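# Overview (structure and organization)
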Amino acid sequence: METTLRGVGVSHGVAVGEVRHMGTAVLEPPARQIPGGEAEREQRRARQALHAVSADLTARGVLAGGDAQAVLDAQALMARDPELLADVERRIAVGSTAERAVYDACAAYRDLLLGAGEYLAGRVADLEDVRNRIVARLLGVPMPGVPDSDEPYVLVARDLAPADTALLDTALVLGIVTEEGGPTSHSAILARALGVPAVVGVLGAADLLEGAVLAVDGSTGEVVVDPSEERKEGLRALAEQRKAELAAAKEPGRTSDGHLVPLLANIGAPADVRAAVEAGAEGVGLFRTEFFYLDDTGAAGAPSESRQVEAYRDVLAAFPGRRVVVRVLDAGADKPLGFLTAADEPNPALGMRGVRTLLEHPEVLRTQLLALTKAAEGLPVHLEVMAPMVADRADAGAFAEACRAAGLRASVGVMVETPSAALRARSLLREVEFLSVGTNDLAQYAFAADRQAATLSRLQDPWHPALLDLVAMTAEAARAEAKSCGVCGEAAADPLLACVLTGLGVTSLSMAPAALARVRAALATCTLAQCRRAAAAARSADSPEEARLAARAVLSGE
């Protein structure tokens, strides 16, 4: 008899398959004392293991590219943290084995993260994965991870380790179900990048029996256990229908009555460029530049201007005649950089991050702006540059002045990620030429809810009417100033929500390349007037669920 579990649908599509659980065994080595004469050898083993795991994570990131690369680079930084190594070596010096020293040192770090607020507590899963990889290497045992299977399956896990998820074989993994995570968790971001249907935050997922059949709908968030034949056939038919719609959607983004909505790609590294071009991206709406500061060189200091020029030019050259919106370095909070961000901030999410950090380190900002100027020379590209985490007109004005001082020949804009920026959007637009809404952080700060905390996932739902109000306010300010307002947060990747955002007055949408075809197909089925009515209906609701249902009713003609 079929039963239905519910979570948050974070990656669209449907899947039917048998459960395979992700291995999650905690590797706890025995606590034993070593003779003093073995300490140097154990310290050497520890250093080698930390270095090997860091190098492996970096290599996996390069292979995966995109959002996954940024996540894995951050994990690699954990593995080569000099303070972690120093703690491990101290523990070995007083008698611990290398593997026990790593386990205990990571436990101490874990406690610090848990006590530093929910934002940093979201990094605990990443730290535990790093710990398990190091300990497994020292013990000489296999790392628990993705299951072996000759047949396609639905992957079920408490949460997903980025290092495993980034390189999943999408020919075998039909869908993903996790017990933890929210719409902007690493699980969700990586699933969308892979184009695999996924539902997160499903209570009881870890208790599902191995081999049980699941029907997963990444749009509605439903997970049906032991679905009936009728249900399975219905989902398969829906999947075929969606596949046909996607194959037919090749034109630029527009509504059925011809209102243009440019569909752009979010990219995190040059490796994403090919996927964006192949998916028909009309440009780049968010080029995250953090990847270049998180490699081995960036760990010690900012990369040189010449190295930045080379990296940026490769991206700009791939989009002749089109927009490429570059976000300058967004350091701080969950993207700490040793040479820029303090290690002892009491609440990094509310501290020095984004443009605040750059204005405190003007030489880093100037080098990046000069590199972008030189990278664009002679290329027929429409370069746009924007600052993250802008709070008010003073921030926007300081960034615009830095761009002018560097001789940057590009449109200058800012991201709307704080409620203050949305409330005072017209004021910001007196300093800059465009706005781009980052719905992930805007939701986090609007609802005071950590985007990585599964228990707060309902407050990270981009359908929340309060969040839609802030987006509408921002878009209206841009319209009044005859300037543009795009959305580059994860909300843009939801086909139904993309129609609502269009109805709110958003002028462009940027998303992971894998989502472009679905959004393009959805927009082509409705008129601008329908989008506006759906937006009004969603804003009149009192909850994300009601908003979603109200918009769907309008767009489906119910």
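As a starting point, this report considers the structure included with it. As the structure is a prediction and not an experimental result, all values here were calculated from the model.

Rules behind the numbers
- Residues numbered from 1 in each chain as written.
- Predicted model: local features only at pLDDT ≥ 70, side-chain atom pairs only at ≥ 80, totals over all residues.
- Heavy atoms only, no water.
- Helix = DSSP H or I, 4+ residues; strand = E, 2+ residues; numbered from the N terminus.
- Buried < 20%, exposed > 50% of the residue type's maximum accessible area, 1.4 Å probe, protein only.
- Contact = heavy atoms within 4.5 Å.
- Areas by Shrake-Rupley, 256 points an atom, 1.4 Å probe, with all protein chains shown as cover.
- Salt bridge = Lys/Arg side-chain N within 4 Å of Asp/Glu carboxyl O.
- Pairing = 2+ DSSP bridges.
- Axes fitted to C-alpha atoms, helices over the stretch in contact; angles between N-to-C directions.
- Parallel < 35°, antiparallel > 145°, perpendicular 65-115°, else oblique.
- Left-handed = near helix turned anticlockwise from the far one by under 90°.
- Nonpolar A, V, L, I, M, F, W, Y, C, P; charged D, E, K, R; others polar.
- Right-handed = clockwise from strand over helix to strand, strands pointing away.
- Phe/Tyr/Trp six-rings, centres within 6.5 Å; stacked < 30°, edge-to-face > 60°.

The next thing to look at is the overall build of the protein chain. Scanning the protein chain from N- to C-terminus turns up 23 helices and 16 strands. The buried share among the 558 residues of the protein chain stands at 55%. If you take every contact in the protein chain between residues at least 6 apart in sequence, the share linking residues at least 24 apart comes to 70%. Here the protein chain displays about 22,100 Å² of accessible surface, and carbon together with sulfur accounts for 53% of that area.

Scanning all chains against the criterion turns up 33 salt bridges. The partner of Lys374 in a salt bridge is Glu305, with the nearest N and O atoms 2.4 Å apart. One end of the pair, Lys374, is in helix H14 (residues 362-376); the other, Glu305, is in helix H12 (residues 305-317), with 69 residues separating them in the sequence. Judged by its relative accessible area of 22%, Glu305 is partly exposed. Among the salt bridges present, the one from Arg323 reaches Glu384, with a minimum N-O distance of 3.1 Å.

Moving on to helix H18 (residues 439-446). In terms of burial, H18 is largely enclosed, as seven of its eight residues are buried. Buried residues of H18: Thr439, Asn440, Asp441, Leu442, Ala443, Gln444 and Tyr445, and no others. Following H18 by one or two positions, Ala448 has its phi on the positive side, about 50 degrees.

This brings us to unusual backbone geometry. For Asp226, which is not glycine, the phi dihedral falls at a positive 50 degrees. Although it is not a glycine, Ala482 adopts a positive phi angle of roughly 55 degrees. When you line up the elements, Ala482 lands in the loop between helix H19 (465-480) and strand E15 (484-487).

This brings us to the sheet that holds strand E16 (residues 508-511). Read around the closed barrel, the eight strands follow the order E9-E10-E11-E12-E13-E14-E15-E16; overall the barrel is parallel. Ignoring which end each strand starts from, the neighbouring axes of this sheet average 25 degrees apart. Inspection of the sheet shows E15 paired to E16 by two bridges, in the parallel sense. When the bridges of E16 are listed, Gly486 appears paired with Ser508.

For the pair H12 and H14, interaxial distance at closest approach is 8 Å and the crossing angle is 45 degrees. On the basis of their axis angle, the class for H12 and H14 is oblique. Read as a crossing pair, H12 and H14 show a hand that is right-handed. Where H12 approaches H14, its residues Glu305, Gln308, Val309, Tyr312, Arg313 and Leu316 are matched on the opposing element by Thr367, Gln368, Leu370, Ala371, Leu372, Lys374, Ala375 and Ala376. For the contact of H12 with H14, the residue count by class is eight nonpolar, three polar and three charged.

This part covers the sheet that holds strand E5 (residues 173-178). Across the sheet, which stays open at both edges, the eight strands sit in the order E1-E8-E7-E3-E4-E5-E6-E2 with mixed pairing between neighbours. Of all strands in the sheet, those with a lone pairing partner are strand E1 (3-6) and strand E2 (8-11), marking the two edges. Looking at each pair of strands side by side, their axes are set apart by 30 degrees on average, direction ignored. Both strand E7 (residues 213-217) and strand E8 (residues 222-225) contribute to a ladder of four bridges, which runs antiparallel. Note that in E8 the partner of Ala215 across the bridge is Val224.

Turning next to the pairing of E16. Residues Ser508 and Ser510 point to one face of E16 and Leu509 and Met511 to the other, with burial holding for every one of them. Pairing of strand E9 (residues 263-267) with E16 involves three bridges; the strand directions are parallel. Residue pairing for E16: Leu263 is matched across the bridge by Leu509. Handedness of the crossover joining E15 and E16 through helix H20 (residues 495-504): right-handed.

With that settled, the discussion passes to the pairing of strand E13 (residues 411-416). In terms of burial, E13 is largely enclosed, as five of its six residues are buried. With four bridges connecting them, strand E12 (residues 382-387) and E13 associate as parallel partners. For Val385, the partnering residue across the bridge sits in E13 and is Val412. Pairing of E13 with strand E14 (residues 434-437) involves four bridges; the strand directions are parallel. The residue of E14 that forms the bridge with Gly413 is Phe434.

Turning next to the environment of Leu203. Position of Leu203 among the secondary structure elements: in the loop between strand E6 (198-200) and E7. Spatially, the C-alpha atoms of Leu203 and Thr178 are 8.5 Å apart, while their sequence positions differ by 25 residues. Those residues in contact with Leu203 that sit more than four places away from it in its chain are Leu5 and Glu179.

A separate point is the packing of aromatic side chains. Throughout the structure, instances matching the rule amount to one aromatic pair. Centroid distance Phe287 to Tyr312: 6.2 Å. Interplanar angle 85 degrees. Geometry classified as edge-to-face. Residue Phe287 is found in strand E10 (residues 283-288), and its partner Tyr312 is found in helix H12; the two are separated by 25 residues along the sequence. According to the relative accessible area criterion, Phe287 is buried, its value standing at 1%. Accessibility expressed as a relative area gives 0% for Tyr312, which makes it buried.

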